[in-house]
Structures are given as C-alpha cells and as structure tokens.
Amino acid sequence: MSDENSTVVITDIHQALMSSDAEAFDNVACFVAVGGELNGTLFDLNEGETLVGRNPDNEIPLDFTGISRKHFKVLVQDDKATLVDLGSSNGTFVNNEKVEGSLALRKSDIVKVGKVALKYLPKGDTERLTYDKLHQEASTDGLTGCYNKMYFNNALDLEVKKSKVTGKPLSLIIFDLDHFKKLNDNYGHDAGDYVLKEKAQLLRDNGIRKGDTFARYGGEEFVVLLPNTNLKQAFEIAERLRRLVQDHEFTYDNKRLPVTASIGVADYRQGVATGTDLFKRADSSVYKSKEGGRNQVSFYKG
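Just so we're clear, the structure is a prediction, and the values are computed from it rather than from any experiment.

S.K.: In this structure, what is going on with the overall build of the chain? I would like to understand it.
M.R.: When helices and strands are counted, the chain shows 7 helices and 18 strands. With respect to the principal axes defined by its C-alpha atoms, the chain has extents near 65 × 65 × 30 Å. Taken across its 302 residues, the chain has 42% of its residues classed as buried. Taking the intrachain contacts of the chain between residues at least 6 apart in sequence as the baseline, contacts between residues at least 24 apart amount to 56%. Per element, the accessible surface of the chain, about 16,200 Å² overall, is 48% carbon and sulfur. When the 40 basic and 45 acidic side-chain charges of the chain are each reduced to a single mean position, those positions are 8 Å apart.

Here is the structure:
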C-alpha cells in the first residue's frame, strides 16, 4: 500500500472515531444487562438518584428472585456514579465483592443482584453505541420505525404493575385501520406499506407525547400506552389522533387513498390485574367502534 493510500485509510479511521465520540457524547451513564433474559437491555442512569429493585415504581425495576424491593441506588453527580446498597437481604456485589455502604463505580464494573448482572458504562462511553444499535434492532418494527409487539408487551406489563403500586392512572389506545385488506387489494401492497409508514410518521410528529409508548402491534394495528393519563384524557387524545388520520392526504402513485381508523380506549381500574386484561378491554372497544360504523373512538365502560 502506498503512503498516500495509508494516509487516506488512517484519516478515514480517525474521522470514524471522531464521529463515534461525537455521537456518544450526549449519552448518559447506563447499566447494560449481561446474560439472562434481560441480556443487552439498557438502563439509563440520569443525573441524580436512580433506585433499583423489585418494586415496579423503581427507576430500574428488576422483578426477580433474590432482589429486594428497594435493593440499591445509584447517585450520579458531575459525571461520577456512586452505588449505595439499601440494606438488601442478599447483598449487592461489584466485581464479586460485596458492597458495604457505598462504592464509586468505574467503567465495566459488573454489579450483581440476585441472578442479574449489570455492566456499568459511564457517560459518553462509545461502547454504548453498539448496545443502542442492538437494542433498537430488537425492539423496533422494521417497516414503520415504531416499537414492536415484544417491546410493547413488556412495557404494558411493567406500567400495569406500576399503577398497582402507585395508584397513578394508565390508559391504552388501540388503532385498527379501516378496510385495510380492501386497500391492499385495490391499490397493491406497496400502497398498503406506504399507508402504514405514513400513518406512523404522522402520529409520531403530531400526536405522540414524550413518555408514551407507540408501537405497531401487528398488521394494521397500532397501540399507544399512556402513563399518568386517565380515561377522559386518553379519549380526547384518541379523538385528536383519529382526526389526524381522517384529515391527512394519503397519496400514493398520484391517487388519494381512503384511510380512517377505528379506535378503542381503556384504562387501568378495578378488574385489571395484568397487561393482558387492559389490552382485552381496549381491543373490545375497537370492535365497538367497528360495529358503530368505523372511523370513531369508543371506550371501555365496564
């Protein structure tokens, strides 16, 4: 290889490293689950206090045997992280050494609680980019860029558990595009894919709030999970989203496509013990909207 070519390669590598550093710069510190069913899962450690334990209202809930309700906390200040055991029954271990009181965390430290192992990465660490990419691929629907069914189901179960503990409201919206099979038959599957992508982007840009979980559940069915939102508020949001879809010009191959949605809404209340219970209530409300003439919002009355 000539000196000129070598210089080009070195320059390219340097630029790639600088790009990675810049991309990672704003990432907060985090734990990465190592092994087990949580393998590869990222848990952010934001500035201030992060509680870890079995309780679903912890910032990092770990509902596993051998973990106390409030097991330990991490204090992040000035880009430094300190782990504090909270008197856990089975102890907190860092690199196989039991923590007595508190301990400053260093890059790649392994924190073990019960059977869960968490690797610590400090703020701005480029290693996180790999885990971010893997996590995104595992939790995202390839066509629409929304979260996928697996990610949503995990979020739904967790939020229901949180509402049980905290008593805070929780609502769920389910969308089902009207006559989607007919649209595919009349205009082709490429047109159908366009509608799914366009609708997802429309709602992301104009209707989905920060903190809500927006996912493609399957086919033409989408869901929005709304923490800290009661049934009345969720109904109003669903109606606004319905109008967004109804009024939007879905144009494919110079043809205006007929797109509307039947929507069901339900909230966490008596009789809801699991995420599945809440989903079934919202799903039954979708059918109520379809039976009522479609392109409308219905809510679960109990």
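From this point, the narrative continues.
S.K.: Where do I start with the nonpolar core in this structure?
M.R.: General note: in soluble globular proteins, nonpolar side chains tend to be found buried as a group. One finds Ile173, Phe175 and Val195 to be the most contacted residues of the largest nonpolar core, which totals 31 residues. Breaking this core down by element, the ones donating at least two residues are strand 12 (170–177), helix 4 (180–187), helix 5 (189–206), strand 14 (221–227), helix 6 (231–247) and strand 17 (261–267). A per-element tally of this core places helix 5 first, with 7 residues. Once residues lying within four places of it in the same chain are set aside, the contact partners of Val195 are Leu177, Phe180, Leu183, Phe250, Leu257 and Val259. If you look at the next biggest cluster of nonpolar residues, it comprises 23 residues, including Ala29, Leu45, Val99 and Val111.

S.K.: Would you mind showing me how to read the packing of helix 4 against helix 5 here?
M.R.: A packed helix pair is summarised by two numbers, namely the angle formed by the two axes and the spacing between the axes. One way to put it is that helix 4 packs onto helix 5 with a least axis distance of 6 Å and a crossing angle of 135°. In terms of their interaxial angle, helix 4 and helix 5 are classed as oblique. Together, Phe180, Leu183, Asn184 and Tyr187 of helix 4 and His189, Ala191, Gly192, Val195 and Leu196 of helix 5 make up the contact between the two elements. By residue class, the composition of the contact of helix 4 with helix 5 is 6 nonpolar, 3 polar and no charged.

S.K.: Whenever I open this one, the layout of surface pockets confuses me. Can you help?
M.R.: Any empty space left between the atoms is revealed when a probe the size of a water molecule rolls over them. Roughly 1,800 Å³ of volume is contained in the largest pocket. Every residue lining the largest pocket is counted, 44 residues in all, and those nearest its centre are Thr41, Leu42, Phe43, Tyr151 and Leu158. Within the residue set of the lining of the largest pocket, elements represented by two or more residues are strand 2 (42–45), strand 4 (60–61), helix 2 (127–139), helix 3 (149–166) and strand 14. No other element matches helix 3, which puts 9 residues into the lining of the largest pocket. Counted by class, the lining of the largest pocket contains 18 nonpolar, 14 polar and 12 charged residues. The volume enclosed by the second largest pocket comes to roughly 240 Å³. In terms of lining residues, the second largest pocket is bounded by 13 residues, among which Glu159, Lys162, Lys168, Pro227 and Asn228 are the most central. Sort the elements by how many residues they give to the lining of the second largest pocket and helix 3 lands first, with 4 residues. Looking at the lining of the second largest pocket residue by residue, the class counts come to 3 nonpolar, 4 polar and 6 charged.

S.K.: For this particular structure, what's the right way to read the pattern of salt bridges?
M.R.: Side chains that differ in sign of charge can pair as their charged atoms come close. Overall, the coordinates contain 17 salt bridges when judged by the stated rule. Measuring nitrogen to oxygen at the nearest pair gives 3.8 Å for the salt bridge that ties Glu159 to Lys162. Of the two residues, Glu159 and Lys162 both sit in helix 3, 3 residues apart, roughly one turn of that helix. Residue Glu159 is classed as buried on the basis of its relative accessible area, which comes to 17%. Classification of Lys162 as partly exposed rests on a relative accessible area of 25%. Through salt bridges with shared partners, a single network forms among Lys107, Lys119, Asp125 and Glu127.

S.K.: For this particular structure, what's the right way to read helix 3?
M.R.: Think of an α-helix as 3.6 residues a turn; residues three or four steps apart then line up on the same face. Compared with the 26 Å implied by 1.5 Å per residue over 18 residues, the 25 Å span of helix 3 between its first and last C-alpha is a close match. Every buried residue of helix 3 is accounted for by Phe152, Ala155, Leu156, Glu159, Val160 and Ser163. Buried residues of helix 3, seen end-on, are gathered within an arc of 135° and therefore sit on one face of the element. Exposed side of helix 3, more than 90 degrees from the buried face: Met150 and Asn154 are the residues found there. At its buried positions, helix 3 is contacted by strand 12, strand 13 (213–218), strand 14 and helix 7 (275–291). Gly167 sits one or two residues past helix 3 and shows a positive phi near 75°.

About the cut-offs
Residues numbered from 1 in each chain as written. Predicted model: local features only at pLDDT ≥ 70, side-chain atom pairs only at ≥ 80, totals over all residues. Heavy atoms only, no water. Helix = DSSP H or I, 4+ residues; strand = E, 2+ residues; numbered from the N terminus. Buried < 20%, exposed > 50% of the residue type's maximum accessible area, 1.4 Å probe, protein only. Contact = heavy atoms within 4.5 Å. Areas by Shrake-Rupley, 256 points an atom, 1.4 Å probe, with all protein chains shown as cover. Lys, Arg positive; Asp, Glu negative; His and termini not counted. Charge placed at Lys NZ, Arg CZ, Asp CG, Glu CD. Core = buried A, V, L, I, M, F, W, Y, C linked by side-chain atoms within 4.5 Å. Axes fitted to C-alpha atoms, helices over the stretch in contact; angles between N-to-C directions. Parallel < 35°, antiparallel > 145°, perpendicular 65-115°, else oblique. Nonpolar A, V, L, I, M, F, W, Y, C, P; charged D, E, K, R; others polar. 1 Å grid on protein atoms, 1.4 Å probe; cavity = no way out; pocket = protein on both sides within 12 Å on 5 of 7 lines; lining within 4 Å. Points joined across faces, edges and corners; volume = space filled by probe spheres on them. Salt bridge = Lys/Arg side-chain N within 4 Å of Asp/Glu carboxyl O. Expected span 1.5 Å × (residues − 1). Arc of directions from axis to C-beta.

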